[in-house]
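Residues per chain, in single letters:
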Amino acid sequence: MITEIRSASPENIAYAGRLISEGKLVAFPTETVYGLGANALDAKAVEQIFVAKGRPGDNPLIVHIAEMEELSGLVLDVPVNARKLMDAFWPGPMTLILPKRDCIPDTVSAGLDTVGIRMPGNASARALIAAAHCPIAAPSANRSGRPSPTCAMHVFEDMEGRIPLILDDGPCAVGVESTVIDAREDVPIILRPGGITPEMIDHCLGAVRLDEHILSPVQEGTTVRSPGMKYRHYAPEAKTVIFSGDEEKVREEIIRRYDAEREHGGKPVILALDNHNYGQREILSLGSVEEPEAAAARLFAALRELDHLGCTLALCEAVDTAGIGLAVMNRMGRAAGFDIVRL
Ligand code: AMP
Ligand code: MG
């Protein structure tokens, strides 16, 4: 199969919508990461997503809608907290877990009785959903286990020959996946941090909890609230280690390990914030400390770049977990298998 990349023009969006309505797969831009979309109500179409990605069948997909009116046909109930969050943050980088109607195939929900729903902020994504005349089920458009794609070329690297079309709308503004929230109870719980931060949710509802696996690994056999937490994810080929704590100690330890790796003939690379000095050593910048949004927008591209550089050891500075920093540390932590050195 030839994989075309086309700009997200109105004509190309209309064409992409036709492909989706015919049961085919289309990769498309959202403000978080690029998604791999299929008609959410067509089980056969959705199955192809799992094949193209190599995604485990027990990891459910998020269903994307363009208009509020679509919601009642997909879910049985919208609890009051979920409604408040939608009013505050949709369209935007937030997914809500809701009780599903029977029209949502089991392949989408991975057999759960709930479904994750999101109205994306990216106008091309919503135009595609409208053009397809159906809700679109879409996970991130990477092969399973790889860093999520934040531009069309990342999708092409992973999906060439597997899907007919990638809609290109430039780099993703947020750069990490949506915040997944279960707001069915009084205190909402964040299952996956993202562009809508705990602080924003707390401000909206006056309460918020974090799932205990956001910054720690899931032990085998543990029952998790969100199946995606179980899987190795976002991982570059290189061994990846995170260093957190006192800034100067972090810098010294990274330099020590970098130089040792070089002596052993390896290819170390540092993922660092701009204002830290590593001399001539090879760095991929995550932007400045003052701008955590930049680290979110750059992280996945940096993890992919490690592979392009032939990196053997990735040495990563931890970032502050305030705001969107929590999402950055969750993704970085999972890329490193939560190998975190505290100094
Ligand atoms: P992806 O689309 O690749 O970013 O992955 C979607 C994420 O949402 C995964 O981590 C899933 O585990 C999570 N998710 C989707 N649907 C549900 C659901 N019904 N309950 C809990 N988590 C969900
Ligand atoms: Mg994903």
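Notes on the structure in this doc start here. Since we're looking at a predicted model, the values are computed, not measured.

**Here we look at the overall build of the protein**
Consideration 1: The helix and strand inventory of the protein stands at 10 helices and 16 strands.
Consideration 2: A globule of 343 residues ought to have a C-alpha radius of gyration of about 20 Å, and the protein, at 20 Å, matches this closely.
Consideration 3: With respect to the three principal axes, the spread of C-alpha positions in the protein is 60 × 50 × 35 Å.
Consideration 4: Scored against the burial criterion, the 343 residues of the protein give a buried share of 56%.
Consideration 5: Sequence-distant contacts in the protein: of pairs separated by 6 or more residues, those separated by 24 or more amount to 67%.
Consideration 6: Carbon and sulfur atoms make up 49% of the accessible area of the protein, which amounts to about 14300 Å² in all.
Consideration 7: Measuring between centres, the 34 positive side-chain charges of the protein sit 4 Å from its 48 negative side-chain charges.

**So, the side chain of Thr32**
Consideration 1: Along the polypeptide, Thr32 turns up in the loop between strand E2 (26–28) and strand E3 (35–39).
Consideration 2: A polar contact is formed between the side chain of Thr32 and the side chain of Thr30, at a distance of 2.8 Å.
Consideration 3: A distance of 3.5 Å separates the side chain of Thr32 from the side chain of Arg118, its partner in a polar contact.
Consideration 4: Discounting chain neighbours no more than four positions away, the residues touching Thr32 are Pro93, Arg118, Thr150, Cys172, Val174, Gly175, Val176, Glu177 and Ser178.

**Observations concerning the site of ligand 1**
Consideration 1: The local shell around ligand 1 holds 20 residues, among which Arg55, Thr114, Arg192, Ser226 and Gly228 are the closest.
Consideration 2: Between Thr114 and ligand 1, the recorded distance is 3.0 Å, taken from a side-chain N or O atom to a nitrogen atom.
Consideration 3: With the chains in place, 95% of the 510 Å² that ligand 1 exposes on its own is no longer accessible.
Consideration 4: Those elements giving two or more residues to the shell around ligand 1 turn out to be strand E6 (114–118) and strand E10 (189–192).

**Looking at the sheet that holds strand E14 (residues 283–285)**
Consideration 1: Here 5 strands make up an open sheet; going across it, the order is E14-E13-E15-E12-E16 and the pairing parallel. Strands at the two margins of the open sheet, each flanked by one partner only, are E14 and strand E16 (340–342). Looking at each pair of strands side by side, their axes are set apart by 25 degrees on average, direction ignored.
Consideration 2: Strand contacts of helix H8 (residues 247–263): strand E12 (239–244), strand E13 (268–272), strand E15 (313–317) and E16, with the helix running at about 170 degrees to E15, the strand carrying the most contacts.
Consideration 3: Contacts from helix H10 (residues 325–335) reach E12 and E15, with the element oriented near 140 degrees to E12.

**Brief notes about helix H1 (residues 10–21)**
Consideration 1: Taking 1.5 Å per residue, 12 residues should reach 16 Å; H1 reaches 16 Å between its end C-alpha atoms and fits that length.
Consideration 2: If you check which residues of H1 are buried, you get Asn12, Ile13, Ala16, Gly17, Leu19 and Ile20. Buried residues of H1, seen end-on, are gathered within an arc of 160 degrees and therefore sit on one face of the element. More than 90 degrees from the buried face of H1, the exposed residues found are Pro10 and Glu11.
Consideration 3: Against strand E1 (4–7), E2, E3, helix H5 (123–132), strand E7 (136–137) and strand E8 (165–168) lie the buried residues of H1.
Consideration 4: After H1 finishes, the residue Gly23 shows a positive phi value of roughly 90 degrees.

**Details of the sheet that holds strand E5 (residues 94–99)**
Consideration 1: Taken in spatial order, the 11 strands make up an open sheet running E1-E8-E2-E3-E7-E4-E6-E5-E9-E10-E11, and their pairing is mixed. Looking at which strands have only one partner, the edges of the open sheet turn out to be E1 and strand E11 (209–210).
Consideration 2: With 2 bridges joining them, E2 and E8 adopt parallel strand pairing. Bridging from a neighbouring strand, Val26 pairs with Leu165 of E8.
Consideration 3: In the packing of helix H3 (residues 80–89) onto the sheet, contacts are made with E5 and strand E9 (179–182), and the angle to E5 comes to roughly 155 degrees.
Consideration 4: Of the strands in this sheet, E1, E2, E3 and E8 touch helix H6 (residues 152–159), which is tilted by about 165 degrees from E8.

**Some words on the pattern of salt bridges**
Consideration 1: What the rule picks out here adds up to 19 salt bridges.
Consideration 2: For Glu4, the salt bridge is made with Arg6, and the minimal N-O distance between the two is 3.0 Å.
Consideration 3: The partly exposed category is assigned to Arg6, whose relative accessible area is 24%.
Consideration 4: Where Glu157 meets Arg146, a salt bridge forms, and the shortest distance between an N and an O atom there is 3.5 Å. Placement of the pair is Glu157 in helix H6 and Arg146 in the loop between E7 and H6, with a sequence separation of 11 residues.
Consideration 5: Through salt bridges that share partners, Arg146, Glu157, Asp158, Arg304 and Asp307 make up one connected network.

Rules behind the numbers
- Residues numbered from 1 in each chain as written.
- Chains lettered and ligands numbered in written order.
- Predicted model: local features only at pLDDT ≥ 70, side-chain atom pairs only at ≥ 80, totals over all residues.
- Heavy atoms only, no water.
- Helix = DSSP H or I, 4+ residues; strand = E, 2+ residues; numbered from the N terminus.
- Rg over C-alpha atoms; globule rule 2.2 N^0.38 Å.
- Buried < 20%, exposed > 50% of the residue type's maximum accessible area, 1.4 Å probe, protein only.
- Contact = heavy atoms within 4.5 Å.
- Areas by Shrake-Rupley, 256 points an atom, 1.4 Å probe, with all protein chains shown as cover.
- Lys, Arg positive; Asp, Glu negative; His and termini not counted.
- Charge placed at Lys NZ, Arg CZ, Asp CG, Glu CD.
- Polar contact = N/O pair within 3.5 Å; in protein donor to acceptor, adjacent residues only side chain to side chain.
- Near = heavy atom within 4 Å.
- Pairing = 2+ DSSP bridges.
- Axes fitted to C-alpha atoms, helices over the stretch in contact; angles between N-to-C directions.
- Expected span 1.5 Å × (residues − 1).
- Arc of directions from axis to C-beta.
- Salt bridge = Lys/Arg side-chain N within 4 Å of Asp/Glu carboxyl O.

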